[in-house]
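Examination of the molecular architecture
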Amino acid sequence: MSVAFRRESDDEHMEPKFELPLPTGPNWVTARGLRLTREKVQALESVDSGAMEEEAGKKHKRVLRYWRTRLATAELQAAPDGDAVAFGTRVRYRLNGQNKTVAIVGDDEADPHEGRISFSSPLARAMMEAEVGEKVDFAGKAEAVEIVAITVIGED
């Protein structure tokens with residue numbers, strides 16, 4: 001029989017499952033971010049993946065590997081002094097005439113809907129090292145963002 005008519009299995013034609021992509025760059029974390037990562041690993045480790053369907057078990061193990069890697073590579077950053085925008089600060093700023101506030105945190109802790117952005121985001125990179133009253137360029141516009149206030153974030 002020709003190879004063209006032979007069917008080994010459906011698994012041959014399925015998309016391969018890759019590891020979850022790790023963000024590039026350092027894995028900086030706040031104290032809160034480190035605590036959340038530890039809690040995530042503990043929660044995932046407490047689940048009996050052997051009792052799951054095969055695909056769900058594989059997915060669970062893939063997610064667990066991601067979080068274990070993030071915990072192993074986490075770099076807890078010292079609290080900033082709050083004089084300038086830095087990792088671990090909450091920044092109130094004015095953009096397009098509107099006041100907004102964000103906390104600058106690690107990649108895994110970031111949640112823009114909750115007001116937490118990654119230190120590697122374009123907005124955070126634009127504001128880094130700026131002081132209160134300073135205006136910084138953003139999105140191709142000169143002096144688009146004015147720094148209104150800076151505070152050091154706590155454990156939240």
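Structure shown above.
Residues numbered from 1 in each chain as written. Predicted model: local features only at pLDDT ≥ 70, side-chain atom pairs only at ≥ 80, totals over all residues. Heavy atoms only, no water.

1. Concerning the packing of aromatic side chains
Counted only if it meets this: Side-chain rings of Phe, Tyr and Trp (the six-membered ring for Trp) are treated as a pair once their centres are within 6.5 Å; stacked means planes under 30 degrees apart, edge-to-face means over 60, and tilted covers the remaining angles. By definition, any uninterrupted DSSP run of H or I lasting at least four residues is a helix, any uninterrupted run of E lasting at least two residues is a strand, and each is numbered from the N terminus. Only protein chains enter the accessibility calculation, which uses a 1.4 Å probe. A residue is then buried if its area is under 20% of the maximum for its type, exposed if over 50%, and partly exposed in between.
This structure, assessed with the given rule, holds 4 aromatic pairs. With centroids separated by 5.6 Å and ring planes inclined at 80°, the aromatic side chains of tryptophan 28 and phenylalanine 87 adopt a geometry described as edge-to-face. Here phenylalanine 87 lies in the loop between strand 2 (75-76) and strand 3 (89-95) and tryptophan 28 lies in strand 1 (residues 28-29), a separation of 59 residues in the sequence. When the ring of phenylalanine 87 is compared with that of phenylalanine 119, the centres are 5.6 Å apart and the planes differ by 80°; the resulting orientation is edge-to-face. One end of the pair, phenylalanine 87, is in the loop between strand 2 and strand 3; the other, phenylalanine 119, is in the loop between strand 5 (116-118) and helix 3 (122-127), and 32 residues separate them in sequence. Classification of phenylalanine 119 by relative accessible area gives buried; the value is 11%.

2. Some thoughts on the nonpolar core
Stated precisely, the cut-off is as follows: Put simply, a nonpolar core is a bunch of buried Ala, Val, Leu, Ile, Met, Phe, Trp, Tyr and Cys residues held in one set by side-chain atoms that sit within 4.5 Å of each other. The contact rule is simple, with two residues in contact once any of their heavy atoms fall within 4.5 Å.
If you look at the biggest cluster of nonpolar residues, it comprises 18 residues, and the most contacted ones within it are Val85, Val91, Tyr93, Ile104, Met127, Val145 and Ile147. The set of elements that each furnish at least two residues to this core consists of strand 3, strand 4 (98-105), helix 3 and strand 7 (141-152). Considering every element that reaches this core, the biggest residue donor is strand 7, with 4 residues. Residues contacting valine 85, with those up to four places away along its chain left out, are Val91, Ile104, Met127, Met128, Glu129, Ala130, Ile147 and Ile150. Val41, Leu64, Tyr66 and Trp67 belong to the second largest nonpolar core, which has 5 residues in total.

3. Here we look at the pairing of strand 7
Put simply, the test is: A pair of strands is treated as paired once DSSP finds two or more bridges between them.
With 7 bridges connecting them, strand 3 and strand 7 associate as antiparallel partners. Pairing of valine 91 across the sheet is with isoleucine 150, part of strand 7. Across 3 bridges, strand 6 (residues 135-138) lies against strand 7 in antiparallel orientation. For lysine 135, the partnering residue across the bridge sits in strand 7 and is glutamate 146. Taking the residues between adjacent antiparallel strands as the criterion, strand 6 and strand 7 are bridged by 2 residues, where alanine 139 takes a positive phi near 55°.

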